[in-house]
Amino acid sequence: MALPKRIIKETERLMNEPVPGISAIPHEENLRYFDVEIHGPSQSPYQDGIFKLELFLPDDYPMTPPKIRFLTKIFHPNVDKLGRICLDVLKNNWSPALQIRTILLSIQALLGAPNPDDPLAPDVAKTWKEDEQAAIATATEWTKKYATPTNQTD
Amino acid sequence: MAVAQVPRNFKLLAELEKGEKGMGAGACSYGLEDPEDIFMTHWRGTIWGPPHGNHENRIYELKMECGDNYPQEPPTIHFVSQINLPGVSTVDGEVDPNAVAILRDWTKISAELSTNPRSKEDLLSLETALISIRRYMEENKKLPQPPEGSKYPMYD
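Residues numbered from 1 in each chain as written. Chains lettered and ligands numbered in written order. Predicted model: local features only at pLDDT ≥ 70, side-chain atom pairs only at ≥ 80, totals over all residues.

1. Focus on helix α4 (residues 132-146) of chain A
Because an α-helix completes one turn every 3.6 residues, residues spaced three or four positions apart along the sequence face the same direction. All names here are of chain A. Basically, it comes down to this: The numbering of helices and of strands both runs from the N terminus, where a helix is a DSSP run of H or I of at least 4 residues and a strand a run of E of at least 2. Expected helix span is given by 1.5 Å per residue-to-residue step, counting one fewer step than there are residues. In this scheme the burial state of a residue depends on its C-beta neighbours within 10 Å: 20 or more other such atoms mean buried, 12 or fewer mean exposed, and anything in between means partly exposed; the C-beta positions come from the backbone. Each direction from the helix axis to a C-beta atom contributes to the arc, which is the arc of those directions. Once C-beta atoms are placed from the backbone, any two residues with those atoms within 7 Å are in contact.
With 15 residues, α4 should reach 21 Å at 1.5 Å per residue; the first-to-last C-alpha distance of 21 Å fits that figure. Those residues of α4 lying buried are A135, A139 and T143. End-on view of α4: buried residues confined to an arc of 75°, all on one side of the axis. Across from the buried face of α4, at angles greater than 90 degrees, the exposed residues are Q133, A134, E141 and K145. Buried residues along α4 sit against α3 (122-130).

Here it is, written out as structure tokens:
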């Protein structure tokens, strides 16, 4: 299956000049489908965690944004129980000028700056607004429990 | 032009969203059994009994399992509600794929789609499976049925 030049170029650059703390590796049998790992930003409850995600470039990419979700369980107001992410650049603010690389950086930034005013997980957002310390404690605990490499079952 | 092959998880996410929005045909509905099932393996479905027969005004509950090779391979489907229908196990409600057109032809259709994809149509999905089962029920609407609301023992 012929892959658009744009996707080939983006993939090459991701492999040759990887972004620190982020990796994206295409599946051999489907080059539009990537295994992603994002390191939690320092000074955040996700620090030291390695979060797995999956990313898919649909047919009309880059006219439509990539599809992406967390596979690692995470306590974050903008990520729901199935790992779906609420982020403007993945929806209305997507532009073909953005890339896989910029999207992954935006997700890493979202980990450093949760936005409980635009929640996807209402219960998490509620905790975040009413008792931020408790929310941060839970997020830290989940990072240790689910996103620490030695604890991952696979 | 070649069409991108949608990975299992992203196909199931799209199916889930369609089911949640109720964009389906109306006679069937479906959703995840456990809303935290990250690999979206276990599903529940309902079929509103087709009219003008012994299924009329009944709601049938089903469970569906999507394996690692979905949608190349069909989901495994069980009736939870008891039903008298050839090809449905009287013991545990399992639907014999050979009894239902789309389940029987699933792998063949899937292979055809992989060489000659039609991107906009979703021929193979949990919804089309439920619709196909409902159509099969309609063909057998005259069969006597167990009491309404009864379930197979393991689900009771």
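2. Quick word on the environment of B:E17
All names here are of chain B. In this structure, E17 sits in helix α1 (residues 8-21). E17 gets classed as exposed once you count the C-beta atoms within 10 Å, which come to 11. Residues E17 and G67, spaced 50 residues apart in sequence, show a C-alpha to C-alpha distance of 19 Å.

3. Examining the sheet that holds strand β4 (residues 76-79) of chain B
Strand pairing in a sheet relies on backbone hydrogen bonds, with the paired strands running either antiparallel or parallel. All names here are of chain B. How we decide: A pair of strands is labelled paired if DSSP reports no fewer than 2 bridges between them. The axes are straight lines fitted to the C-alpha atoms, using for helices just the contacting stretch, and the angles between their N-to-C directions are given from 0 to 180°.
The antiparallel open sheet is built from four strands, whose spatial order is β1-β2-β3-β4. The open sheet is flanked by β1 (28-32) and β4, the only strands paired with a single partner. Each strand of the sheet is rotated relative to its neighbour by a mean of 25°, with strand direction disregarded. Examined bridge by bridge, β1 and strand β2 (residues 42-48) share five bridges and lie antiparallel to one another. Bridge pairing in β2 links Y30 to G45. Lying over the sheet, helix α3 (residues 126-139) contacts β1, β2, β3 (59-65) and β4, oriented at roughly 140° with respect to β1.

4. Considering the UniProt feature "active site" (unreviewed entry) in chain A
Residues and elements named next belong to chain A. Heads up, the rule is: UniProt positions are given in the numbering used here, feature names are shortened, and annotations may be inferred rather than shown by experiment.
Per the UniProt annotation, the sites labelled "active site" (unreviewed entry) are C86. Position of C86 relative to the elements: it lies in the loop between β4 (67-70) and α2 (100-112). On the basis of neighbour counts, which here come to 17 C-beta atoms within 10 Å, the residue C86 falls in the partly exposed class. In contact with C86, not counting residues within four places along its chain, are N78, D118 and L120.

5. With respect to the interface of chain A and chain B
Defined as follows: Each residue receives one of three labels: charged for Asp, Glu, Lys and Arg, nonpolar for Ala, Val, Leu, Ile, Met, Phe, Trp, Tyr, Cys and Pro, and polar for the others, Gly being one of them.
On the chain B side, the residues contacting the 14 residues of chain A number twelve residues. Residue assignment for the side of chain A that touches chain B shows that the elements contributing at least two residues are β2 (30-39) and β3 (50-56) of chain A. Considering only residue class, the side of chain A that touches chain B consists of seven nonpolar, two polar and five charged.

6. What to know about the environment of A:P96
Residues and elements named next belong to chain A. With respect to the helices, strands and loops of the structure, P96 is situated in the loop between β4 and α2. Taking the C-beta count within 10 Å as the criterion, P96 has 11 such neighbours and is therefore assigned exposed. Taking the C-alpha atoms as reference points, P96 and M63, 33 residues apart in sequence, are found 5.6 Å from one another. Setting aside its immediate chain neighbours within four residues, P96 contacts P62 and M63.

7. Examining the nonpolar core
What counts here: Joined through C-beta atoms within 7 Å, a set of buried Ala, Val, Leu, Ile, Met, Phe, Trp, Tyr and Cys residues constitutes a nonpolar core.
One finds A:A24, A:V36, A:L53, A:L55, A:L104 and A:I107 to be the most contacted residues of the largest nonpolar core, which totals 35 residues. The set of elements that each furnish at least two residues to this core consists of β2, β3, β4, α2, α3 and α4 of chain A. Among the elements that make up this core, the one with the highest residue count is α2(A) (six residues). The residues touching A:A24, leaving out its near neighbours within four places in the chain, are A:L14, A:F34, A:V36, A:L55, A:I100 and A:L104. B:Y70, B:F79, B:I102 and B:A129 belong to the second largest nonpolar core, which has 27 residues in total.

8. A closer look at the sheet that holds β2(A)
All names here are of chain A. Pairing in this open sheet of four strands is antiparallel, and the strands run β1-β2-β3-β4 from one edge to the other. At either margin of the open sheet sits one strand with a lone partner, and together these are β1 (22-27) and β4. Taking each pair of neighbouring strands and ignoring which way they run, the sheet shows an average axis angle of 25°. Where β1 meets β2, six bridges bridge the pair, whose relative direction is antiparallel. Paired with A24 across the bridge in β2 is V36.

9. A look at the environment of A:G112
Residue and element names in this part refer to chain A. Mapping G112 onto the fold places it in helix α2. For G112, a count of 14 C-beta atoms within 10 Å puts it in the partly exposed group. Between the C-alpha atom of G112 and that of Y46, which follows or precedes it by 66 residues, the distance is 7.9 Å. When near neighbours in sequence (up to four residues on either side) are disregarded, G112 contacts P41 and S44.

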